[in-house]
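Residue strings, one per chain:
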Amino acid sequence: MSDYTKILLEENEIPTQWYNVVPDLPEPPPPQLHPGTLQPATAEDFAALFPRALIEQEMSVERYIDIPGEVLDVYRLWRPSPLFRARRLEKLLDTPAKIFYKYEGVSPAGSHKPNTAVPQVFYNAQEGITKLTTETGAGQWGSSLAFACAQFGLECEIWQVAASYRAKPYRRTMMEIWGGKVHPSPSEVTEYGRSLLAKDPDHPGSLGIAISEAVGEAVASENTRYALGSVLNHVLLHQTVIGEEALLQLAKVGETPDVLVGCTGGGSNFGGLAFPFLREKLAGRMNPVIRCVEPTACPTLTKGQFRYDFGDTAGLTPLMKMHTLGHSFIPEPIHAGGLRYHGMAPLVSHVYQLGLVEAIAIPQTECFAGAVQFARCEGIVPAPEPTHAIAAAIREALACRESGEEKTILTALCGHGHLDLASYDQYLRGEMVDLELSDEAIAAAMAEVPVLA
Ligand SMILES: *Cc1c(COP(=O)(O)O)cnc(C)c1O
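Quick look at the structure, then. Each chain has its residues counted from 1, following the order in which its sequence is written. Whole-chain, interface and lining totals are the exception, using all residues; otherwise, since this is a predicted model, local features are given only for residues with pLDDT of at least 70 and side-chain atom pairs are given and counted only at 80 or more. Calculated side-chain values reflect all of the structure's heavy atoms, with hydrogen atoms and water omitted.

**Points about the pattern of salt bridges**
Think of it this way: side chains of opposite charge can pair up when their charged atoms draw near.
Logical step 1: What makes a salt bridge here is a side-chain nitrogen of Lys or Arg within 4 Å of a carboxyl oxygen of Asp or Glu, nothing more. A full pass over the atoms with the stated rule returns 20 salt bridges.
Logical step 2: In this structure, E127 engages R52 in a salt bridge whose closest nitrogen and oxygen atoms are separated by 3.9 Å. Of the two residues, E127 is situated in the loop between α5 (114–126) and β6 (131–136) and R52 in helix α2 (residues 52–59); the sequence distance between them amounts to 75 residues.
Logical step 3: For E127, a relative accessible area of 30% gives the class partly exposed.
Logical step 4: Here K102 makes a salt bridge to E245, at a shortest N to O gap of 2.7 Å. Secondary structure elements follow DSSP: runs of H or I no shorter than four residues count as helices, runs of E no shorter than two count as strands, and numbering proceeds from the N terminus. Type-normalised accessible area, obtained with a 1.4 Å probe on protein chains alone, sets the label of each residue: buried when under 20%, exposed when over 50%, and partly exposed for intermediate values.

**Observations concerning the pairing of strand β10 (residues 259–263)**
Logical step 1: When you tally the buried positions in β10, you get five out of five residues, the bulk of the element.
Logical step 2: Here β10 shows two buried faces, one formed by V259, V261 and C263 and the other by L260 and G262.
Logical step 3: Paired strands are those between which DSSP finds at least two bridges. The pairing of β10 with strand β11 (residues 289–295) spans five bridges and is parallel. Bridging from a neighbouring strand, V259 pairs with V289 of β11.

**What to know about the site of the ligand**
Logical step 1: To be near a molecule or strand, a residue needs just one of its heavy atoms within 4 Å of it. Taken together, 15 residues surround the ligand, and among them K113, S230, G265, S268 and N269 come closest.
Logical step 2: In the analysis that follows, any N or O atom pair within 3.5 Å is treated as a polar contact, provided that within protein one partner can donate a hydrogen and the other can accept it, and provided that, for residues neighboring in sequence, both atoms belong to side chains. At 2.7 Å, a backbone N or O of G265 approaches an oxygen atom of the ligand.
Logical step 3: Between an oxygen atom of the ligand and a side-chain N or O atom of N269, the distance comes to 2.8 Å.
Logical step 4: Three classes are used: nonpolar for Ala, Val, Leu, Ile, Met, Phe, Trp, Tyr, Cys and Pro, charged for Asp, Glu, Lys and Arg, and polar for all others, with Gly counted as polar. Its residues placed into classes, the shell around the ligand shows two nonpolar, 11 polar and two charged.

**Thoughts on the packing of α2 against helix α11 (residues 233–252)**
Logical step 1: Running from N to C, α2 and α11 cross one another at 85°; their axes reach a closest spacing of 7 Å. By the angle class used here, α2 and α11 are roughly perpendicular. Of the residues in α11, those touching α2 at L54, Q57 and E58 are N233, H234, L237 and H238.
Logical step 2: A class-by-class count of the residues in the contact of α2 with α11 yields two nonpolar, four polar and one charged. With axes taken as lines fitted to C-alpha atoms, and helix axes fitted only over the stretch in contact, angles between N-to-C directions fall between 0 and 180 degrees. Angle categories: roughly parallel below 35 degrees, roughly antiparallel above 145, roughly perpendicular from 65 to 115, and oblique for all the rest. Contacts are assigned to residue pairs that have any heavy atoms within 4.5 Å of one another.

**Points about the sheet that holds strand β8 (residues 181–185)**
Logical step 1: The strand order across the open sheet built from four strands is β8-β7-β6-β9, with neighbouring strands paired in parallel fashion. One side of each edge strand has no neighbouring strand; the edge strands of this open sheet are β8 and β9 (224–226). Strand-to-strand twist in this sheet, taken as the mean axis angle between neighbours without regard to direction, amounts to 25°.
Logical step 2: Note that strand β7 (residues 155–161) and β8 share five bridges and pair parallel. Residue pairing for β8: I158 is matched across the bridge by V182.

**Digging into α5**
Logical step 1: Here α5 spans 18 Å end to end across 13 residues, near enough to the 18 Å set by a 1.5 Å rise per residue.
Logical step 2: Along α5, the positions that sit buried rather than exposed are P114, N115, T116, A117, V118, P119, Q120, V121, F122, Y123 and N124.
Logical step 3: Two residues or fewer after α5 comes G128, characterised by a positive phi angle close to 80°. Helix span, expected: 1.5 Å multiplied by one less than the number of residues in the helix.

**Considering the packing of aromatic side chains**
Logical step 1: When two rings of Phe, Tyr or Trp (its six-membered ring) have centres within 6.5 Å they constitute a pair, described as stacked for plane angles under 30 degrees, edge-to-face for angles over 60, and tilted for the intermediate range. Evaluation of the coordinates by the stated rule reveals 14 aromatic pairs.
Logical step 2: Between F84 and Y101, the aromatic rings sit 5.1 Å apart at their centres with planes inclined by 15°, giving stacked as the arrangement. One end of the pair, F84, is in strand β4 (residues 83–85); the other, Y101, is in strand β5 (residues 98–103), and 17 residues separate them in sequence. Per residue, the accessibility class of F84 equals that of Y101, and both read buried.
Logical step 3: Sitting above the plane of the Y165 ring, R172 keeps its charged end 4.0 Å from the centroid.
Logical step 4: Looking at R279, its charged tip hangs above the ring of Y19, at a distance of 4.6 Å from the centre. Only lysine NZ and arginine CZ atoms are considered, and such an atom sits over a ring when it is within 6 Å of the ring centre and within 35 degrees of the ring normal.

**Focus on the side chain of N233**
Logical step 1: With respect to the helices and strands, the residue N233 is situated in helix α11.
Logical step 2: Setting aside chain neighbours within four positions, we find N233 in contact with Q32, E58 and L347.

**Re the sheet that holds β11**
Logical step 1: Read from one edge to the other, the open sheet built from seven strands follows the order β1-β4-β5-β15-β10-β11-β14, with strand pairing classed as mixed. With one partner strand each, in any of the chains shown, β1 (6–7) and β14 (358–362) form the two edges of the open sheet.
Logical step 2: Taken strand by strand, helix α15 (residues 364–378) contacts β4, β5, β14 and β15 (408–413), and its axis lies near 95° from that of β14.

**Brief notes about the pairing of β15**
Along a regular strand, successive side chains alternate from one face of the sheet to the other.
Logical step 1: Of all six residues in β15, six are buried, a share of seventy percent or more.
Logical step 2: Side chains T408, L410 and A412 of β15 all project onto a buried face; the interleaved residues I409, T411 and L413 project onto the opposite face, where all are buried too.
Logical step 3: Where β5 and β15 come together, six bridges link them in parallel fashion. Residue pairing across strands places F100 opposite L410, the latter belonging to β15.
Logical step 4: Relative to β15, β10 runs parallel, the two being bridged by three bridges. Its bridge partner lying in β15, V261 is registered against T411.

**Observations concerning α15**
Logical step 1: The end-to-end C-alpha distance of α15 is 20 Å, a good match for the 21 Å that 15 residues give at a rise of 1.5 Å each.
Logical step 2: Of the positions making up α15, those classed as buried are Q364, C367, F368, G370, A371, V372, F374, A375, C377 and E378.

**A word on the nonpolar core**
Logical step 1: In terms of nonpolar packing, the biggest core is built from 68 residues, with W18, Y75, L145, F275, F277 and V348 touching the most fellow members.
Logical step 2: A per-element tally of this core places α11 first, with seven residues.
Logical step 3: Apart from residues no more than four positions distant in its own chain, Y75 is found in contact with I14, W18, I67, P114, N115, V118, P119, H238 and V241.
Logical step 4: Within the second largest apolar cluster, 25 residues are counted, among which are V293, F374, A392 and I394. Here, nonpolar core means buried Ala, Val, Leu, Ile, Met, Phe, Trp, Tyr and Cys residues that are tied together by side-chain atoms lying within 4.5 Å of each other.

**Comments concerning the packing of α15 against helix α16 (residues 387–403)**
Logical step 1: In contact at an axis separation of 8 Å, α15 and α16 are set at 80° when each is read in the N-to-C sense. With respect to α16, the element α15 is oriented roughly perpendicular. Along the contact surface, α15 presents E366, C367, F368, G370, A371, Q373 and F374, while α16 presents T387, H388, I390, A391, I394 and R395.
Logical step 2: Among the residues making up the contact of α15 with α16, the classes are represented as seven nonpolar, four polar and two charged.

Keep in mind these values describe shape, not function.
Written out as C-alpha cells, the structure reads:
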C-alpha cells in the first residue's frame, strides 16, 4: 500500500450507525432552555418544529444510533466518500507530513449537507409531515434539503439570505430543479420579513433572520416542520458518517492522525469528522490534536463568548449555551457564506470549553491562496468554507517542514466550489480583501444577548 492516492470503501462498508459523542464526554453539555420559562427545554417544546424521532436524537444519551435502511439506500448514491492522500500538495510544500482529506463534494448537492438532509426528511415523512421549511445562506443547505425532499416526496420551502439570492442564482436554480420553492429573506411572505423590508427595502438579510422566517412559517401550520442544516446535536450526529468512514479508511493504510483540522461555521462537518476521532482519543487509542478553523471575519470560537443565546435573530428558538457573537450580529459578506453564523454548535462549543479541541481564525486571502495551490496540485476546486481547513492543513505541513516532524494531518474537504467561482475570480484579480471584526462590533451585538441569572 505504498503508492495509493485514494482510499475507497465498499458500498457495504458504509457505517450502519451514527455516533453520539455525548455519553463519552467528561461532563454533559448544558441543556437547551425554553426562551420563556428559562427552564430546560422539554421534548414538548420542540414538537412544533421537529418530528419526534429527531427530538429524541437531539436529547439522546445513547452512544450509537442505527441508520435506517431507507436512509442508507439514499446514502449509497454517493457514499462511501473517498479519502485522498494529497501527495502532490505534500510534494509542492516539500513537507515530511502526510496530508489526508475526506472529500464530501461527491454528494448530489456537492457538500456534506445531504448526510443530514436525507435522514431529517426521512423521519419527517415517517411521521406524516408533508412540507419542510428552512433557511439557506449560499444555498448549500437549501439545495441539500430540496434534494432530500424530492427523494421522499415532501414539499420544501426555503428562505435564502437576500444577498446570496441575488449574487448566487445558480444554487437557487438547483433548489428549483429538485422542486424547492425559494424566497429571498427578508421576504414579503412573513410578517417579520415585511417589518424588516419596511425599514430597508434592500436589506441584505442574514442567516439568523432567514431562520426566524422559516421557523415562524413552520410553527404556523399543522403538517409543516422546520429543518436546520447545522448547529443542532442531531445534525452533528448524522454527520459522523464522515468520521466513521475516515477511521476505517485510515486503518486500511495503517495511519492515525496526529492533527485533525476542520472548518467551523455551525460546526457540523467539523463535528462529523472529529467526534469519532475524539472518541478514540478519549479512549486512549490515539492522540490527535483536534483544531477548529474559522474566518477572522466571523470568529465565533476565538472571539465570541460562551453564553446562552438564541439560534435566530428574532429570538424564537430555544436558548443554547454556545460560543456566540450575539444573535443580532450580521457578519460582513465574506465569501465563505456557510461560515457566516453568529453561533457555534453547542456540542462543538462544549468540547472547546472543556479543552478537548483547539480553535484558530484565518483571513480569507490566505485561505484562497491555499485553495488555489491545492487545486493546482490535487485538481479539486474547494468550496470557500473548506479553504479554511486547507489553509490550516498547509500551515501545519509547513511547520513540519521547519521542524522535520512527519505528522499525519487529516482534514475534510467538505464541498466543491463549482458554484463559487465568482469568489475565486475576485481572488485571482487581486480584489479580495481581508475583513477583521472590530471589538466594537462584537460588543454591540453581545449587548443584546440575554443575561441569565
Ligand atoms: C454549510 C457549509 C459549511 C458550514 O457548516 P458546518 O455546519 O460548519 O459544516 C461548510 N462547508 C460547506 C461546503 C458548507 O456547505
